[in-house]
Amino acid sequence: GFNDMGYQSSELERMTPEMNMLAETGVKLEWYYTASTCTPARAALHTGFHWARTGMWWEDVTSDSPWALGVGWPSLAETLRSGGGYATHLVGKWDLGHANRAYWPTARGFDTFIGLFGSQYDNYTRHTVGSVGGAFGGWELRDLASLDVAGGEAYVRARDVDEAYATTLFKERSIGIIANHASMQRAGGAAARGASTPLYLCVAFNAVHAIVSVPGSFQRTAPWRDAAAQTRGDPQVRTALAGALRL
């Protein structure tokens, strides 16, 4: 909400130093409209159409939802890749359907995807949740490349990153994508589409969400104690939110 961004918060100013800097030196969107929940807002973001037009307005995609954003709606990634020659990557949340491979982000314009198909984690360090995943395993983290769909290969369950904090994992993967793209461009695009291939990287952190968690190691640091000292209201929830924002 309004009071959760440090640069305009009455209590969390020290929790979001990077966002504070961006707000001071960049452009602040102070008047805009969006949906109040995940799936409708993401449908609008990825298509450019109001969520009611795409049929994605009535509820969020859950782990066992059989429906998805219709394949007839071209995504921004598809348009940029086919029309502009972009390299396209999605890191973080998808939440637009996963019951069929044709719904996966790597079938909707993204070269690669690492993140979760569904809306949220029950814990930001637990990426493989076993039987809780529902009929289509929507709660588990996925690490996908285009070959998973085009080549018909099985998707990868990213069990090797279990216990990694989601925000850190998504940040590091995003930095790696940017660095790798820059390296390929300097090398003349030998492994890319061309020497001047533009990059579209969509980073959709799941933090913060309805469930908020921070790693135990962070709870023993000075920033955590600072967050606990600043926050008001429910100390456990509010401090966890402050910590997740800081991370």
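So, how was this worked out
Residues numbered from 1 in each chain as written. Predicted model: local features only at pLDDT ≥ 70, side-chain atom pairs only at ≥ 80, totals over all residues. Heavy atoms only, no water. Helix = DSSP H or I, 4+ residues; strand = E, 2+ residues; numbered from the N terminus. Pairing = 2+ DSSP bridges. Axes fitted to C-alpha atoms, helices over the stretch in contact; angles between N-to-C directions. Buried < 20%, exposed > 50% of the residue type's maximum accessible area, 1.4 Å probe, protein only. Contact = heavy atoms within 4.5 Å.

Let's shift gears to the environment of F170. Checked against the element boundaries, F170 lands in helix α6 (residues 166-186). Taking the C-alpha atoms as reference points, F170 and G92, separated by 78 residues in sequence, lie 6.2 Å from one another.

Turning our eyes to something else, we now look at unusual backbone geometry. In this structure, V208 follows A207 across a cis peptide bond, with omega equal to -5 degrees. Position of V208 among the secondary structure elements: in the loop between β4 (199-204) and α7 (222-230). At D95, a position not held by glycine, the phi torsion is positive, near 60 degrees. Positionally, D95 belongs in the loop between β1 (87-93) and β2 (112-116).

Before going further, it helps to examine the sheet that holds strand β3 (residues 141-145). As summarised here, the arrangement of the 4 strands in space is β3-β2-β1-β4, forming an open sheet in which the pairing is mixed. Unpaired on one side and paired on the other, β3 and β4 mark the two borders of the sheet. Between one strand axis and the next, the sheet turns through 5 degrees on average, direction left out of account. Bridge count between β2 and β3: 5 bridges; the pairing is antiparallel. Of the residues in β3, the one forming a bridge with L116 is L141.

Moving on: the environment of T54. If you trace the backbone, T54 turns up in helix α3 (residues 51-54). Relative accessible area serves as the criterion here: at 8%, T54 is assigned to the buried category. In the structure, T54 is positioned 10 residues away from A44 in sequence and 8.2 Å away in space, judged by C-alpha atoms. Other than its neighbours up to four places away in sequence, T54 contacts A43, T47, F49, L69 and W73.

Just distances and angles here, no functional claims.
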